[in-house]
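Tertiary structure, described
Listed here are the chains, written in short residue letters.
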Amino acid sequence: MTIRQLSDHAINQIAAGEVIERPASVVKELVENALDAGAARICVATATGGKTLIRVDDDGCGIPADQLALAVERHCTSKLSEDDLFDIRSLGFRGEALPSIGAIARLAMTSRHASDAHAWAIRVEGGRKDGPSPASHAGGTQVEVRDLFFATPARLKFLKSDRAEGAAVTDVVRRLALANPSVRFELSGSDRQATTFAAASGERALEARIAQVMGTDFVENARPVDAVREGVRLHGLAGLPTFHKANSLSQFFFVNGRPVRDKLLMAALRGAYADVLARDRHPVTVLFLELDPRQVDVNVHPAKADVRFRDAQLVRGLIVGALRQVFAEAGHLASSHTARSAMASFSTGFAAGPSAGLRPASGGTYGYQRSATSPAPASTDWRASPFRPLDDGEADDGGAPVISGFGEATQAGFETLDMPSADARAHAHASEATEERQSRPLGAARAQVHATYIISQTEDGLVIVDQHAAHERLVYERLKAALAERGVARQGLLIPEIVELPQEDVARLAERAEELEAVGLVLEPFGPGAIAVRETPAMLGQIDIRGLVTDLADDLAEWDSSTRLRERLDHVAATMACHGSVRAGRRLRPEEMDALLREMEATPNSGQCNHGRPTWISLKLSDIERLFGRK
Ligand code: ADP
Ligand code: MG
C-alpha cells in the first residue's frame, strides 16, 4: 500500500459526512450563513422534507463576483479574520458548509453584492463546479440545494420519512428564529403549511418572538430570568414547574446567539428544576447565555452543537442559582410541586429522610414507611400543612366518617377501571367491620381531606394516601396487564374530539395511528394542525384527551421512529394511566376509599406512583405521641 493524498472530492465527501447529516443540517448551515450576512429577511422553502429541494433566500450583503468561486471552496471563509479560533463572533467560521453540500448534492448559488452591476451564479454538483456566470437577482443571496445525497446514495438510507425530516427542518428554523427576533423568517414548501415569524422590535422583541415560536401558552406560564455572574449573563424565559413536558425537546439554549444542545447546560437545567419537578417530566425553557467569546470554545463539534466553557462551574452555578431564585419568587405559582417539597421538609422533620424506609412493595410491606427517629420540633411547616386534626369522636359503626361531601357519582356508561362496581363495593364495605379493615396494612378509610388525600386508621397509627398517585398506579398496572394479554377495548366518542397541535406533532401521531389503534386510541389528522380523536381505551373512562394526545406526541418525538410502540408499551400505558386516573380534587365516597386501599394492598408496586413519588405515607401512633411530647 502506498500512501497518497486524498482527492479534494474525497475530502469534501468526508467533511460532508460530518457536517451534513440530514436536510435539517443543510438548512441550519444556509440560514446561519444568511444571518452572518446580516439578513433582515430569510425565506426557507422545502419539498419532500428537504430531501429533493431546499431553497434559502436572504436579503443579506451578498457575495462579490470575484469571491463567489471561492465561497464554495473548502476552508474558505470570510469570517475568521486573524485565524483566531478563540474569538469567534459569527455562526460560521470553518468554511466547510458550501463545499460539503456541493460534494453530495446539486448546489446552485445566486448572489448579488452591492458593488456589482448584476448578480452572478455558480453551480456545484457532486463536487463538479460550473461558473460563475452572470445571472439576474435583485439582491442578497439565494442558495438552492436539490437531491441531497444523490452523490452518496448510501446516506439516503439513513433518512427518515419526509414528515420527520420536514419536522426537523422546522425545528432548526424555530431555534434560529428564537435567537434572532429582529429577523423575519418565512418557512414554506409543498410539504408543509407556511409559517411566518414577523420581525419583532423594541424592548420586548425577544418575548414577542418567543410567543410566536413557542406559543402564548408558554409565555404566560413562564417567568423572565435575567442574572449576571462574573461577566456571564443568563436571560430568557423559564417555564414554571407546572408547565412541563414528557421530553426535553422544548429546552432551548443559546450561547452567544448560537443554538446548542449541550450536556452541561441540560444537566444544569435538571439540577435547577430537580426539587420542583417530577423525575420524568421536563421543563420548557428558552435561555440565552452571553459571555466573552474567549470564555467558550465552539469548535468542539463539526455541527457546532456542543460547546466547551472555560469555567463550567461558573456557568452551572449561574443557571441553577438564577432559576431557583425565579421559582422562589414565583411563590405559589411555582406549582403544587413546590408545595410538595415543603411537605418533604415537614416529613424529614421526623423521618430519617426521604429515601429512608423506601422498601419494595411486596410481602406485607407496602410502599413507604416513615418512622420517627427523633422527636420533631413543632415546625412551622407542620402548622402550615393542610392537615387538620381528625375528629376522634366518630362512632365505629362500620361507616367511615367523611369530611367531604358524599353524593358524587362515578362515571357510568361503560366499564371503567375506576373502581369496583357499586354493588360489590357496598357489599365489601358492609361485610367488613371497621376493626377488620383497620387490621389491614393500609387500614380503614376515615376521611378524605382537601378532596385529595385519604386518611385511614391502622391498628398502630394512621396512613395518608395521595388518591391520584395511588389510583394512577393501579390503572397503570391493570393497563399493562391488559395490553400485554388481550389488547385494549375501545369506546367510540359521540363527537370526535379535535385537538390542535403543532404540525410536527400531528405528523408524528398520524405516522403511528395504526399502532395507537392497537393500544386503544383511534385518531386521524384533521387538517395540518389538528388531530381528531374518535375512540379511546374504554378502561380509562372519561379522560383528558387533549392532555393524553399532547403527552403521547411528546413521547413519540423523543423516540426513534423505528421504535415500535408495542416495545414501549409500559411507557404508553403510564402516559395513559396518568390521564385516566382519579384526579386530585375528586370527592370519594367511603366505600370508594376503602376499595382503593384494598386494591392498593393487592397490586404490585403500589407504593409509588408512575412518577416515582410515594402514594402513601404512614405515621405510627408512637411517632404522633412523640410529636406531642407525650413520650
Ligand atoms: P463559513 O460560513 O464557515 O464561512 P460556508 O461554506 O458556509 O463557510 O460559507 C463560505 C463563505 O461564503 C462565507 O464565509 C461567506 O463569506 C460566504 N457566504 C455563504 N453564504 C452567504 C450568504 N448567504 N450571504 C453572503 N455570503 C455568504
Ligand atoms: Mg457557514
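**A closer look at the pattern of salt bridges**
Throughout the structure, instances matching the rule amount to 28 salt bridges. Two residues, Asp594 and Arg598, come together in a salt bridge whose shortest N-O distance is 3.6 Å. Of this pair, Asp594 and Arg598 both sit in helix 19 (residues 590-602), separated by 4 residues, roughly a single helical turn. Salt bridges linked by common partners bring Arg437, Arg440, Asp594, Arg598 and Glu601 together as one network.

**Some remarks on the side chain of Thr285**
Within the element layout of this structure, Thr285 appears in strand 15 (residues 285-290). The residues touching Thr285, leaving out its near neighbours within four places in the chain, are Phe218, Leu237, Ala238, Gly239, Ser250, Gln251, Phe252, Leu269 and Tyr273.

**Side note on the site of ligand 1**
Close to ligand 1 lie 20 residues, the nearest being Asn33, Thr77, Ser78, Lys79 and Gly95. Contact between ligand 1 and Ser78: an oxygen atom at 2.5 Å from a side-chain N or O atom of the residue. A distance of 3.4 Å separates a nitrogen atom of ligand 1 from a polar atom in the side chain of Thr141. Relative to its free-state accessible area of 520 Å², ligand 1 is covered by the protein chains to the extent of 93%. Mapped by element, the contributors of at least two residues to the shell around ligand 1 are helix 2 (23-36) and helix 4 (97-104).

**Points about the sheet that holds strand 20 (residues 461-466)**
Read from one edge to the other, the open sheet built from 4 strands follows the order 18-19-20-24, with strand pairing classed as antiparallel. Lying at the two open borders of the sheet, with one neighbouring strand each, are strand 18 (444-449) and strand 24 (616-620). The sheet shows a mean angle of 20° between the axes of neighbouring strands, direction not considered. Two strands pair when backbone bridges link them, and strand 20 and strand 24 are joined in this way by 5 bridges, in the antiparallel orientation. Along strand 24, the bridge assignment pairs Leu462 with Leu619. Contacting strand 18, strand 19 (453-458), strand 20 and strand 24, helix 19 runs over the sheet at an angle of about 120° to strand 18.

**Some words on the packing of helix 1 (residues 8-19) against helix 4**
Describing two packed helices takes the angle between their axes plus the distance from one axis to the other. Running from amino to carboxyl end, helix 1 crosses helix 4 at an angle of 105°, the nearest separation of the two axes being 8 Å. In terms of axis orientation, helix 1 runs roughly perpendicular to helix 4. Facing helix 1, whose interface residues are His9, Asn12, Gln13, Ala15, Ala16 and Val19, helix 4 presents Pro99, Ser100, Ala103 and Ile104. In the contact of helix 1 with helix 4, the residues fall into 6 nonpolar, 4 polar and no charged.

Conventions used here
Residues numbered from 1 in each chain as written. Chains lettered and ligands numbered in written order. Predicted model: local features only at pLDDT ≥ 70, side-chain atom pairs only at ≥ 80, totals over all residues. Heavy atoms only, no water. Salt bridge = Lys/Arg side-chain N within 4 Å of Asp/Glu carboxyl O. Helix = DSSP H or I, 4+ residues; strand = E, 2+ residues; numbered from the N terminus. Contact = heavy atoms within 4.5 Å. Near = heavy atom within 4 Å. Polar contact = N/O pair within 3.5 Å; in protein donor to acceptor, adjacent residues only side chain to side chain. Areas by Shrake-Rupley, 256 points an atom, 1.4 Å probe, with all protein chains shown as cover. Pairing = 2+ DSSP bridges. Axes fitted to C-alpha atoms, helices over the stretch in contact; angles between N-to-C directions. Parallel < 35°, antiparallel > 145°, perpendicular 65-115°, else oblique. Nonpolar A, V, L, I, M, F, W, Y, C, P; charged D, E, K, R; others polar.

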